[in-house]
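What the coordinates show
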Amino acid sequence: MTVFFRVDVAASVFAILAGSYHLSVFAGWIGSVPVGALDLFWRLGWSVAAVVVLTVLFAIGVAAFERDGPARDEREVQLEFRATRNMGMVYAFGLITLLWNAFRLADPMQLAHAVIAILVLAELVRLGSLAVYLRRAI
Amino acid sequence: MARPSPITNRVRILREAHGQMSQAALAAAIGVTRQTVIAIELGKYSPSLESAFRIAHVFQVGVEDVFGWAGD
């Protein structure tokens, strides 16, 4: 696997972990539920920063070990394209579901976390697709 | 399961005929990963035209000597 592919997968995993954390907090399983938009946006900002920093650190680490590998691989490009297409479908269905339920949701905090749930689900589908396509070798 | 490719290849035979060239060495020569060379050899992945020409160039043969159409 190329460095790009590994970093891409790692970024997805970090994003899923960050999104799952916010959903767990909202569900009341861990930590305290954010109070108001500013609190939520600060928390989201910190988690996005954490995802970026972790991804950069992972990229540096992997690149140090994989210096001789190719920068890009045509099969991996196809895998990523197909997995991203599947992710796009989840986004589309997620948006439709969100629109359908937008006026039924009780408060903006629920709406904000519904968006986070769609992001997490889309990344999960992308990661799962990558695993399946990688196994099938297409 | 992925649909088997109708494109056949002699990459493994040519590789072994070229001094037991490793999959990693071929991968490095054509600019792909070793996993892609494995997938090509197993007939699970059909390479791009550019990679097909690169493989043929490495073995100093024509593309038609490396790849064929199943049934021909």
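Parameters and conventions
Residues numbered from 1 in each chain as written. Chains lettered and ligands numbered in written order. Predicted model: local features only at pLDDT ≥ 70, side-chain atom pairs only at ≥ 80, totals over all residues. Helix = DSSP H or I, 4+ residues; strand = E, 2+ residues; numbered from the N terminus. Buried ≥ 20, exposed ≤ 12 C-beta atoms within 10 Å, placed from the backbone. Contact = placed C-beta atoms within 7 Å. Nonpolar A, V, L, I, M, F, W, Y, C, P; charged D, E, K, R; others polar. Expected span 1.5 Å × (residues − 1). Axes fitted to C-alpha atoms, helices over the stretch in contact; angles between N-to-C directions. Parallel < 35°, antiparallel > 145°, perpendicular 65-115°, else oblique. Left-handed = near helix turned anticlockwise from the far one by under 90°. Core = buried A, V, L, I, M, F, W, Y, C linked by C-beta atoms within 7 Å. pLDDT = per-residue confidence, 0-100.

1. Regarding the overall build of chain A
For chain A, the count of helices and strands is 4 helices and 0 strands. In chain A, the succession of α and β elements from N to C terminus is α-α-α-α. Expressed as lengths along the three principal axes of its C-alpha atoms, the size of chain A is roughly 55 × 30 × 20 Å. Here chain A, with 138 residues, has 19% of them falling under the buried criterion. For chain A, contacts bridging at least 24 residues in sequence account for 87% of all contacts bridging at least 6.

2. Quick look at the interface of chain A and chain B
Each partner contributes to the interface: chain A provides 10 residues, whereas chain B provides 11 residues. A per-class count over the side of chain A that touches chain B returns 4 nonpolar, 2 polar and 4 charged.

3. Some points on helix H4 (residues 108–136) of chain A
With 29 residues, H4 of chain A should reach 42 Å at 1.5 Å per residue; the first-to-last C-alpha distance of 42 Å fits that figure. Elements in contact with the buried residues of H4 of chain A: helix H1 (3–27) and helix H3 (74–101) of chain A.

4. Focus: the packing of helix H2 (residues 23–30) of chain B against helix H4 (residues 49–59) of chain B
All names here are of chain B. With their axes 9 Å apart at the nearest point, H2 and H4 run at an angle of 120 degrees to one another. Taken together, the axes of H2 and H4 are oblique relative to one another. Crossing of H2 against H4: the hand is right-handed. Side by side, H2 and H4 meet where Leu26, Ala29 and Ile30 of the first sit next to Ser51, Arg54, Ile55 and Val58 of the second. A per-class count over the contact of H2 with H4 returns 5 nonpolar, 1 polar and 1 charged.

5. With respect to the nonpolar core
All names here are of chain B. Core analysis: the largest hydrophobic core is formed by 12 residues, namely Val11, Leu26, Ala27, Ile30, Val32, Val37, Ala39, Ile40, Tyr45, Ala52, Ile55 and Val66. Elements supplying a minimum of two residues to this core: H2, helix H3 (34–41) and H4. Dropping the residues within four chain positions of it, Val11 is found in contact with Ile40, Glu41, Ile55 and Val66.

6. Describing the confidence of the model for chain B
Residue and element names in this part refer to chain B. The predicted model of chain B averages 90 in pLDDT, with 94% of residues at 70 or higher. Here strand E1 (residues 7–9) stands out as the least confident element of chain B, with mean pLDDT 90; H4 is the most confident, with 95. As scored by the predictor, the complex reaches a pTM of 0.84 and an ipTM of 0.82.

7. A short note on H3 of chain A
For an α-helix, 3.6 residues make a turn, and residues three or four places apart therefore share a direction. For H3 of chain A, built from 28 residues, the straight-helix expectation of 40 Å at 1.5 Å per residue is met to within 8% by its first-to-last C-alpha distance of 41 Å. Looking only at H3 of chain A, the buried set comprises Arg75, Glu76, Leu79, Ala83 and Met87 of chain A. For H3 of chain A, the elements touching its buried residues are H1 and H4 of chain A together with H3 of chain B.

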